[in-house]
Amino acid sequence: MVESLQGLIFDIQGYSVHDGPGVRTLIFMKGCPLRCEWCSNPEGMHFYPEILFRNTKCTHISNHCSRCIEACPHGAIQINPNYRDSDDVQLLLDREICHRCKEHKCLQLCYFEGLRLCGEWKTVDEIMHVLQRNQHYWGRDGGVSFSGGEPFFQPQFLHAVLEACHERKMHKAVETTAYVNPKTFLEIMPFFDFAFIDIKHMDSSLHKEKTGVPNDLILENIKALHVSNYSGRLVIRMPVIEGFNDNDENIEALAEFMKNVGLYEINILPFHRLGASKWTQLGKTYCYESKSSTAEEKLYHIQDIFLSKRIACYTGSDTPF
Amino acid sequence: MATPVVEQRQKLLAEILMEKGIPIEYRYGKEHEGVSDREIKNDPTPRANQLKNLYLNSLSSVNVEFPYWYTREWRKWDGEIPIIRRAKALKAAFSHLTPAIWPGEKLVMGKTYYYRGSFPMPWLSNTFFMAKSDDLYKAALARGGASAGEEAKFGAGGGNVTQDFGNVVSIAGKFGIRSEEVPALVKLAYEWKDKSVEELGHKYEMMVPEYDLKEKIMRSVICMFDSGYTLPQGREVINYYYPLAYGFDGLLKMCRERKDKVAGRADGDGLVGIDRLYYYEAVILVIEGLQNWILNYAKEARRLEAITDDPSQSKEYAEIAEMLEWIAHNQPRTFKEALQMTCLIHFAVLNEDAISGMSPGRVGQVLYPWYEQDIESGRATKEEICELLQLHRVKFTCIDAFASTGVVGGVLSSNTFNNLSMGGLNKFGDPEGNELEMLILEAGMRLQSTQPTLSCLYDDKLPEDFLLKCAETVKSGTGYPAFMNNQIGMQFLMGQYGEEGMDITDARAIAIGGCLETSPCTWKPLTLNGKEYWIPGGAGQPTSVGVHFIANPKVLECVLFNGKDHRTGEQVYPPHNRKLETFEELWQTFCEYYEMTVDCLATTNNIQHDIWRKNNMTVINSFLKPDCLDRGLHIGQLGYRYNATFNIESCGTITMVNSLVALKKLVYEDKKYTLDEMRDAILNNFGFKTAKEVGSFSLLSQVKREDGAKYDQIHHDCLMAPKYGNDDPYADSVLRMYEDWFCPMTRKYESLYGKKMYACQISVSTHGVQGSVTLASSDGRLAGTTYADASMSAYPGTDRNGPFALFNSATVWDHSMSQNSQMNLKIHPSAVKGPEGTRKLLDLTRAYMRKGAFHIQYNVVDSKVLKDAQAHPENYRELLVRVAGFTQYWVELGKPIQDEVIARTEYEEI
Amino acid sequence: MEIKTLHHNDCMNFCPLDVAKGLCRRKNELTLIDSNTCDCYVKLPKCKFCVNYVASGDNLGICKAEKDEPWAYPEMIAVTCEMFSFA
């Protein structure tokens, strides 16, 4: 059945050096149970292909191009009535209609890549073709990393790809929310030699407020994984979101949790706005548009707290792997 | 530099990880062994820095001292045997060079008394000055009255004299000459009327039946330049062995003994047996000239010693004098003397001929005997050696070349390509990458400059710490070292030079000449204080010679337009009158036009080179290179060990491949467009204004015509057609087809030495110039804009699947069929940050090499910095970038090349 | 030929850096060639100062040191010329 099994992938990045040991290939899988407000890969949330509209490439204003508007049989593309200057989007898409559309005639007629489809169904063999090519270049430490979205959102496909990777002796890593059915989680996790698991907040209700889900399942999964004698390297990750999870109380609670479970490595990631343009391309509003990047002092402060509890804390891409 | 707090954190982290048993080599914050902490000592020594700053402050300057004395002596010896006449002229010229020594220098001498000096050689090429004599006179006259304080502006152009100022006249927007010397320059040019290699060569090349086609090809810039009189030598590896092993007096003795042995004896060779007498006599004359030159510098050092008040500076002048007085006659005793010896030999060779790419070769292995003995005996410390190597960089960065003017700007971007090779294997197959080579890398990091550029002969056997140090040096932003595949290079050498006796041992002596020209070399035994060493050095003729830079996309354009060049309106090739109904027919016609091109360029250039070898043969390089001294024969008599060095250079390979792929897909397979529709789109530049209308040949500033929309669809389809660099077999198979035809095809052509030619696939800066004369192409590239650079780099922005896919595409063919291949990759600094980043950069390089690739080099730079440097050149005098095989100061590059570097796909983290 | 204003590159204490400037070894600073010489000026051997040199036309002349009287030019530095002698 592996032949017909397909996964929805929104990017494969060939040369990644900050997502696990060595040089890695990153597979971005679409679909995620969380709705983090600061998400830097918002195109990974929905489990269906989506159209990205890239305003800078669109020639509607500059060259009066309106091929996509004319081509859409559903009238889903319209001129932005409030357009004033180049900061504004030129066209508006009715996402509800686009979501249901199967033809995407607009894409074929956009010659400037202003409209682009995000998310492609791929077979295990197609993924393995890329990975087997890249395997040559990983060096002795590198391998494949699964990210997203949430890789566990497509458990069957993930499982099938992992088995194929395992056969070819590839080093496998994952970036997961651990918001996963516990049985599935414990079944698949042993395949990974290396795992980043995100903990966004220790308080379950606050966690729910900003990500849409409580954290109980996540914490339970981490505990259960550790108890199961997971043999891979497990590193906790936490995006530092100002005014949300960066207070000492939360950090101390997280450190306490890690201590109790027996975990000793965490990678804190500074907030950045690099995902902002993708929110716009999806026609969504990014409420972190005006937030500034995490200050270095803040990162060091958090790092010092962890270190004082004898937890190895790495900041940003400054990691030992 | 790490602050105490940061160090404390790193220590804590390391402790925690160690407790948990995490492998210690990956400990956070600690550099790998053998990689020095750049944060602590990345500065040059004050002495080296001061001398480098003088360079940054100096203009590219020309005087006519050398050509004056050369010409004056030459005139005296009318009727003399050519090699003797030339040797006498060279001796007179060297004997009359005015010495200039700067305070602080430990290594001295140079091409001229100017810091960044050079001079024209009218005996090679003179018509430019005759044609321009009126303009030059007028400029000189006008300049006579200019205000004394007017100064050249630094900024865009760097040290190039881009326009006249003060009492200075600009030649070709590059060199400055004092206006008082202009009349002498013009007079010298006229003295060589009808006698220069250029003029004589032209007289005889016109007798070739295919000369008419050749001229049309030159006018359409399908070929970049004639090689016979522009750069008759270079892109080769020098050999310092003989003077280092014997000293100049030893060589004189050797020549006199050999002269007695061969005088009047043919020894079975009825053609050139007797010539050996004249050869040895000529070598004696030039060595005497070199000794005069060195001793004139010694005399100047003694004068300065006497007049200098500062006792320590005065002592340094005395040391210089003593060193020169010794090495003018004898084998060097110390590392410093040996290094000085190599410098002066290098300058001597460069002054003998118009040369670009005289590579010093594997200096770290050539000078190792002195290094080892100095360190062992405590005569020198590593720090002292490292400073000398920095001073060596300054000396080499000052090297300028006065070649025919279009060549200097259009091809070379003012670089002179003195490429130093490191690593590889020794004579016995053991890995190099010795301590001295580590110091060469260190000096290259600390004193960042254009020359010598560095190349690592990558071999799996090389020590890891050496390779990591190479990767670390790349990261420092210098663009060097480039990585060349040692094993692939050796395979090429065995294939090309096997007929001349190249075996595995000589193949191991491999080094890079010029940017990345694999060059034949050999080993020689050197004895120092009773200990024997085997040192590598060049043993082959120049590879700067042959057919130079065929614009592949322009040939394809001519195929599409029945042999006509639409830019000039000229019918270049005879019309093929074919309908081009199948892809095979298109390809066949391309091959036919291409071979016609190679043929007419090979025959005409052979004649130019033959004039050169008869009247302008090298004497100095011809006594340095094995086996001239042994055999008593110069370069033109096949005295060198390896002579099959003439090559055929292509440009724009990937642009041509992508164009063929688009035609195959859109016209021949999908039949979406007819060939006529494609021609129409190309002639109409896909609805864009021409680069000329826009006033810029830059990729980044092309503008759409008002009515351009009707070409949108075809342009889109052309851009979206499969492209090289994405591991797409559809596109890559065309590259494979091309290489499997091109490399063997070049071997059908013969140099004047009766040897087969071969493929050379680099672009230097010609992808900008030849792109500027080419119409739009079916890959979607617009008219007048640059081709893809190098031969394996993807066209900017078309490699969408990351570097691994690009690497796979690049290695679909056997790189050892060609002298080289070339891949330039731009990486954002964030992607290779920290000690882990260094390792990852090495992993990436190693993986590409293991695929059988020949070459890769990196620009570790942020495009934002480059854009700012373009806007504010005055703030970036020292910014270095890697272009197509060389490192150059950003400000000294032309704008189209700057734009191309900016537009290259940048690999970074998301 | 009448010697016009002396420039820094007519001085023994001057070390030329490029066509515009050089080092004054006495003052130890970079100096423009075309500014007037100072009190540490020491005459540099140049053809224009040589007994054998005869000017003929603009910035060209003849060297009488050799019997075929080759042409010469006034700004040629003659420190290495065995035939040079101050006029």
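Note that the structure is predicted; figures quoted are calculated from it, not measured.

Asker: So what's going on with the interface of chain A and chain B? Residues and values would help.
Answerer: On the side of chain B, 43 residues touch chain A, which itself brings 43 residues to the contact. Roughly 3900 Å² of surface becomes buried between chain A and chain B when both sides are summed, with 55% attributable to carbon and sulfur atoms. If you sort the residues of chain A by the area they bury against chain B, Tyr 15, Tyr 111 and Tyr 137 of chain A come out on top, with a joint share of 21%. Those elements giving two or more residues to the side of chain A that touches chain B turn out to be strand S1 (6–16), helix H5 (124–135), helix H12 (296–308) and strand S13 (312–315) of chain A. Residue composition of the side of chain A that touches chain B, by class: 17 nonpolar, 15 polar and 11 charged.

Asker: Report on the packing of helix H16 (residues 382–397) of chain B against helix H18 (residues 435–446) of chain B, specifying residues and quantitative values.
Answerer: Residue and element names in this part refer to chain B. At their nearest, the axes of H16 and H18 sit 9 Å apart, and the two run at 55 degrees to each other. The angle between the axes of H16 and H18 places the two elements in the oblique class. Classified by chirality, the crossing of H18 by H16 is right-handed. Facing H16, whose interface residues are Lys 382, Glu 383, Ile 385, Cys 386, Leu 389, Gln 390 and Arg 393, H18 presents Glu 435, Leu 436, Leu 439, Ile 440, Glu 442, Ala 443, Gly 444 and Arg 446. Classifying every residue of the contact of H16 with H18 by side-chain character gives seven nonpolar, two polar and six charged.

Asker: Requested: an account of empty space enclosed by the protein, with residues and values cited.
Answerer: The tally for this structure, following the rule as stated, stands at 15 cavities of 30 Å³ or more. By volume, the largest cavity is sized at about 230 Å³. Lining the largest cavity are 22 residues, and of these Met 109, Gly 110, Tyr 115, Lys 395 and Cys 398 of chain B sit closest to its centre. Ranked by residues supplied to the lining of the largest cavity, first place goes to H16 of chain B with three residues. Grouping the constituent residues of the lining of the largest cavity by class yields 14 nonpolar, three polar and five charged. Of the pockets and cavities examined, the second largest cavity occupies roughly 130 Å³. As for the second largest cavity, its lining consists of 16 residues, and the residues nearest its centre are Arg 72 of chain B together with Cys 47, Cys 50, Cys 63 and Cys 81 of chain C.

Asker: Give a description of the environment of Glu 693 of chain B that names residues and reports values.
Answerer: Residues and elements named next belong to chain B. Positionally, Glu 693 belongs in helix H28 (residues 691–694). Once the C-alpha coordinates of Glu 693 and Ile 762 are considered, the two residues, 69 residues apart in sequence, prove to be 30 Å apart. Polar side-chain contacts of Glu 693 include one of 2.9 Å to the backbone nitrogen of Thr 690.

Asker: Report on the sheet that holds strand S4 (residues 53–55) of chain C, specifying residues and quantitative values.
Answerer: Across a sheet, paired strands are connected by hydrogen bonds in the backbone, their directions being either parallel or antiparallel. Residues and elements named next belong to chain C. The strand order across the open sheet built from three strands is S4-S5-S6, with neighbouring strands paired in antiparallel fashion. Strand pairing shows two members of the sheet lacking a second neighbour, S4 and strand S6 (71–72), which therefore form its edges. Where S4 lies against strand S5 (residues 61–63), three bridges are found, and the strand directions are antiparallel. Paired with Val 54 across the two strands is Ile 62, which belongs to S5.

The rules we used
- Residues numbered from 1 in each chain as written.
- Chains lettered and ligands numbered in written order.
- Predicted model: local features only at pLDDT ≥ 70, side-chain atom pairs only at ≥ 80, totals over all residues.
- Heavy atoms only, no water.
- Contact = heavy atoms within 4.5 Å.
- Buried area = accessible area lost by both parts, 1.4 Å probe.
- Helix = DSSP H or I, 4+ residues; strand = E, 2+ residues; numbered from the N terminus.
- Nonpolar A, V, L, I, M, F, W, Y, C, P; charged D, E, K, R; others polar.
- Axes fitted to C-alpha atoms, helices over the stretch in contact; angles between N-to-C directions.
- Parallel < 35°, antiparallel > 145°, perpendicular 65-115°, else oblique.
- Left-handed = near helix turned anticlockwise from the far one by under 90°.
- 1 Å grid on protein atoms, 1.4 Å probe; cavity = no way out; pocket = protein on both sides within 12 Å on 5 of 7 lines; lining within 4 Å.
- Points joined across faces, edges and corners; volume = space filled by probe spheres on them.
- Polar contact = N/O pair within 3.5 Å; in protein donor to acceptor, adjacent residues only side chain to side chain.
- Pairing = 2+ DSSP bridges.

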